[in-house]
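Fold and contact review
Each chain, written out:
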Amino acid sequence: MPLSIYSDDHYMREALKQARYAFDEEEIPIGAVVVLDGQIIARAYNQTEKLRDVTAHAEMLALTAAANHLGNKYLTDCTLYVTVEPCVMCAGATAWAQLRRVVYGAEEPKFGYRRHGQLLHPKAEVVPGVLAEECGSLMREFFARKRK
């Protein structure tokens, strides 16, 4: 797989842009991008309220878009960048898609997959904490606004 000229920070900033779309639409501000060979092939943000669909998480929508782009359900050479640690559902989907890497920003101590054991594909590399403060800050701002 060719090395990207961009860093994990670059792609996480792209995921953060998606999270801000969710924030602006009063969705939980989580964004995701899928990268293949240094190119973003899918972008998504949480749309559970808009679509009235509990499965419309950023990761799920991005994985679906990437699979459609490639014409293949397996994303073995892809990396998912997501602003918050995936939940159990999304982690399971990344395992089924056989992603090579999962990179996330902020930890999710309440609903994150790590509370429930290893759910990612056993060969997947996991890179936590990329731009964690920025990703977590957006979540904190969203929920603070909701509490007012």
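Heads up: the structure comes first, above all this text.
Quick look at the structure, then. Note that the coordinates shown come from a computational prediction; the quantities given were computed from them, not determined experimentally.

The N-to-C vectors of helix H1 (residues 8-24) and helix H5 (residues 132-147) enclose an angle of 5°; their axes lie 10 Å apart at closest approach. Considering their axes alone, H1 and H5 lie roughly parallel with respect to each other. Touching Met-12, Arg-13, Leu-16, Ala-19, Arg-20 and Phe-23 of H1 are Glu-134, Cys-135, Leu-138, Glu-141, Phe-142 and Arg-145, all from H5.

To continue, consider the sheet that holds strand E2 (residues 39-45). The strands that make up a sheet pair up through hydrogen bonds in the backbone, lying either parallel or antiparallel. Taken in spatial order, the five strands line up as E2-E1-E3-E4-E5 in an open sheet, and their pairing is mixed. Only two strands of the sheet have a single neighbouring strand rather than two, namely E2 and strand E5 (125-127). Across this sheet, the average inter-strand angle for adjacent strands is 15°, counted without regard to direction. Bridge count for strand E1 (residues 31-36) against strand E3 (residues 78-84) is five bridges, and the pairing is antiparallel. Bridge pairing in E3 links Val-35 to Thr-79.

A word on the nonpolar core. In this structure, Met-12, Val-34, Leu-75, Cys-78, Tyr-81 and Leu-99 are the most contacted members of the largest nonpolar core, which totals 39 residues. When contributions to this core are tallied by element, the ones reaching two or more residues are H1, E1, E2, helix H3 (58-70), E3, helix H4 (88-97), strand E4 (101-106) and H5. With residues up to four places along the chain from it excluded, the contact list for Leu-75 reads Leu-63, Ala-66, Ala-67, Leu-70, Ala-97, Gln-98, Leu-99 and Arg-100.

An α-helix turns once per 3.6 residues; consequently, residues spaced three or four apart project the same way. The end-to-end C-alpha separation of H5 is 23 Å, in line with the 22 Å expected for 16 residues at 1.5 Å each. All buried positions along H5 are accounted for by Cys-135, Gly-136, Leu-138, Met-139 and Phe-142. What you see down the axis of H5 is that its buried residues fit within an arc of 155°, all on one side. Exposed residues lying more than 90 degrees from the buried face of H5 are Glu-133 and Arg-147.

Definitions and cut-offs
Residues numbered from 1 in each chain as written. Predicted model: local features only at pLDDT ≥ 70, side-chain atom pairs only at ≥ 80, totals over all residues. Heavy atoms only, no water. Axes fitted to C-alpha atoms, helices over the stretch in contact; angles between N-to-C directions. Helix = DSSP H or I, 4+ residues; strand = E, 2+ residues; numbered from the N terminus. Parallel < 35°, antiparallel > 145°, perpendicular 65-115°, else oblique. Contact = heavy atoms within 4.5 Å. Pairing = 2+ DSSP bridges. Core = buried A, V, L, I, M, F, W, Y, C linked by side-chain atoms within 4.5 Å. Buried < 20%, exposed > 50% of the residue type's maximum accessible area, 1.4 Å probe, protein only. Expected span 1.5 Å × (residues − 1). Arc of directions from axis to C-beta.

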